[in-house]
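Here are the chains, one letter per residue:
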Amino acid sequence: MGQKKVRAAYFSATDTTMRVVTFLADRISAELGLGPAEEPFDFTLPRKRAQGKAFSSDEAVVFGVPVYAGRVPNVLLKFLAEIAGNGALAVPVVLYGNRNYDDALIELRDILEKDGFHTVAAAAFVGEHSFSRILGAGRPDEADFALAGEFAREAAGKLRAVWEKKESADGKAFEQGPVPVRGETPIRGYYQPRDRKGTPIDIRKVLPKTGPECTKCGLCARLCPMGSIDPEDVSRYTGICIKCGACIKKCPENARYYDDEGYLYHQHELEEGYTRRAEPEFFL
Ligand SMILES: Cc1cc2nc3c(=O)[nH]c(=O)nc-3n(C[C@H](O)[C@H](O)[C@H](O)COP(=O)(O)O)c2cc1C
């Protein structure tokens, strides 16, 4: 097997995706005898998505996104469609907030295949829900990382086998079908929260508020994955809010909050409806 590299690539507003995919990349790299993984490609901030990204055929990429409304976050679709896989192997990973990942993993897998990656293993993990500090609290936890370690060992074995097979194909076309994952084709629509009467709740225009605790440190403006918070006046928005939770959960003063009735209803409904522990799922 020629010189190979393992790398994590991710969007992660509240760090759960980052923690899982960097752990997996390091473990897979170690299992393959390659030492620590390469520098991760973190495309959470807008400037990292301002230009395209290309990978190479000697790389395996553990590629992670959070689940938004049962799907890959739609604000990432344009950027993701323009990535060049160039025959790199990929391990698609989604993080979801203890409700369900619906069709997010199959959607991510298909995007990566279309980009020119070969997907060989995949996983769905649970992270604390972006809308809550109770739902999926503390996830990924020790038990999740123990399972992630086992998955990394098996994924590394599969990556090695595929690389060996590719090299022994001796210039002949290498055929590798996408890794089978749970999800429907055609992909279903975005998950729609509803109120008590079954009327859809539209939280797209909802914006977090800034309380008197705010010290104007500007961290939220620097962290916003949409670059939508005005650094001169952090209570002002200059673009869209995707409700990712970064400015809320990372504010050192706990100064940001939601007061929208529909948002809060949806938050409580999720917290009450999804108390059971969802477990990670693996596809090899
Ligand atoms: C707009 C939005 C929609 C979400 N939709 C879902 C969902 O459909 N199912 C689910 O279980 N979690 C959902 N979540 C929760 C995130 O998938 C989860 O918290 C994830 O761990 C966040 O990843 P991050 O920490 O890398 O940002 C949603 C979060 C946001 C912000």
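Now for a quick tour of the structure.

So, how was this worked out
- Residues numbered from 1 in each chain as written.
- Predicted model: local features only at pLDDT ≥ 70, side-chain atom pairs only at ≥ 80, totals over all residues.
- Heavy atoms only, no water.
- Near = heavy atom within 4 Å.
- Polar contact = N/O pair within 3.5 Å; in protein donor to acceptor, adjacent residues only side chain to side chain.
- Nonpolar A, V, L, I, M, F, W, Y, C, P; charged D, E, K, R; others polar.
- Salt bridge = Lys/Arg side-chain N within 4 Å of Asp/Glu carboxyl O.
- Helix = DSSP H or I, 4+ residues; strand = E, 2+ residues; numbered from the N terminus.
- Buried < 20%, exposed > 50% of the residue type's maximum accessible area, 1.4 Å probe, protein only.
- Expected span 1.5 Å × (residues − 1).
- Axes fitted to C-alpha atoms, helices over the stretch in contact; angles between N-to-C directions.
- Parallel < 35°, antiparallel > 145°, perpendicular 65-115°, else oblique.
- Left-handed = near helix turned anticlockwise from the far one by under 90°.
- Contact = heavy atoms within 4.5 Å.
- Phe/Tyr/Trp six-rings, centres within 6.5 Å; stacked < 30°, edge-to-face > 60°.
- Lys NZ or Arg CZ within 6 Å of the ring centre and 35° of its normal.

Some words on the site of the ligand
Taken together, 25 residues are adjacent to the ligand, and Ser12, Thr14, Thr16, Thr17 and Val67 come closest. Here an oxygen atom of the ligand and a side-chain polar atom of Thr17 are 2.6 Å apart. Here the shell around the ligand is composed, by residue class, of ten nonpolar, eleven polar and four charged.

Looking at the pattern of salt bridges
By the definition in use, this model includes 18 salt bridges. The salt bridge partner of Asp103 is Arg188, with a shortest N-O separation of 2.7 Å. Highlighted residues: Asp103 in the loop between β4 (89-96) and α3 (104-115) and Arg188 in the loop between α4 (142-168) and β7 (209-210), separated in sequence by 85 residues. Its relative accessible area of 1% is what places Asp103 among the buried residues. Note that Asp230 is salt-bridged to Arg236, the shortest N-O span being 2.6 Å. According to the relative accessible area criterion, Arg236 is partly exposed, its value standing at 44%.

Description of α3
Compared with an ideal rise of 1.5 Å per residue, which puts twelve residues at 16 Å, α3 spans 16 Å between its outermost C-alpha atoms and is within 8% of the ideal. Among the twelve residues of α3, nine are classified as buried, and the element is accordingly described as predominantly covered. Buried within α3 we find Ala104, Leu105, Ile106, Glu107, Leu108, Arg109, Ile111, Leu112 and Asp115. Of the residues trailing α3, Gly116 is marked for its positive phi of about 100°.

Points about unusual backbone geometry
With an omega of -10°, the peptide bond running from Arg139 to Pro140 counts as cis. In this fold, Pro140 is placed in the loop between β6 (122-126) and α4. Going from Thr185 to Pro186, the amide bond is cis rather than trans, its omega being -5°. For Pro186, the position within the fold is in the loop between α4 and β7. The phi dihedral of Asp15 falls on the positive side, at around 75°, and the residue is not glycine. In this structure, Asp15 sits in the loop between β1 (5-10) and α1 (16-31).

Overview of the packing of α1 against α4
Interaxial distance between α1 and α4 falls to 8 Å at its minimum, and their mutual angle equals 50°. In terms of axis orientation, α1 runs oblique to α4. Considering only the axes of α1 and α4, their crossing is right-handed. Contact residues: Arg19, Val20, Phe23, Leu24, Arg27, Ile28 and Glu31 in α1; Phe145, Ala148, Gly149, Phe151, Ala152, Arg153, Ala155, Ala156, Leu159 and Arg160 in α4. Classifying every residue of the contact of α1 with α4 by side-chain character gives eleven nonpolar, one polar and five charged.

Regarding the side chain of Thr17
Its place among the elements puts Thr17 in helix α1. We classify Thr17 as buried; its relative accessible area is 1%. Dropping the residues within four chain positions of it, Thr17 is found in contact with Tyr10, Phe11, Ser12, Gly64, Val65, Pro66 and Leu95.

Some thoughts on the packing of aromatic side chains
Centre distance and the angle of the planes are the two values used to describe a pair of aromatic rings. Counted according to the given criterion, the structure contains 13 aromatic pairs. Aromatic side chains Phe43 and Phe63 sit 5.6 Å apart centroid to centroid with 40° between the ring planes, which places their arrangement in the tilted category. Taken together, the positions of Phe43 in the loop between β2 (41-42) and β3 (59-66) and Phe63 in strand β3 put the pair 20 residues apart, joining distant regions of the chain. Accessibility classification places Phe43 together with Phe63 in one group, the buried group. Ring geometry for Tyr258 versus Tyr263: centroids 3.8 Å apart, planes at 25°, classification stacked. Residue classification places Tyr263 among the buried positions, given a relative accessible area of 2%. Through a chain of ring-to-ring contacts, three or more aromatic side chains come together here, namely Phe41, Phe43, Phe55, Phe63, Phe79 and Phe117. One residue, Lys53, lies across the ring of Phe41, its end atom 4.6 Å from the ring centre. For Arg71, the ring lying beneath its charged end belongs to Tyr190, and the centroid distance is 4.2 Å.

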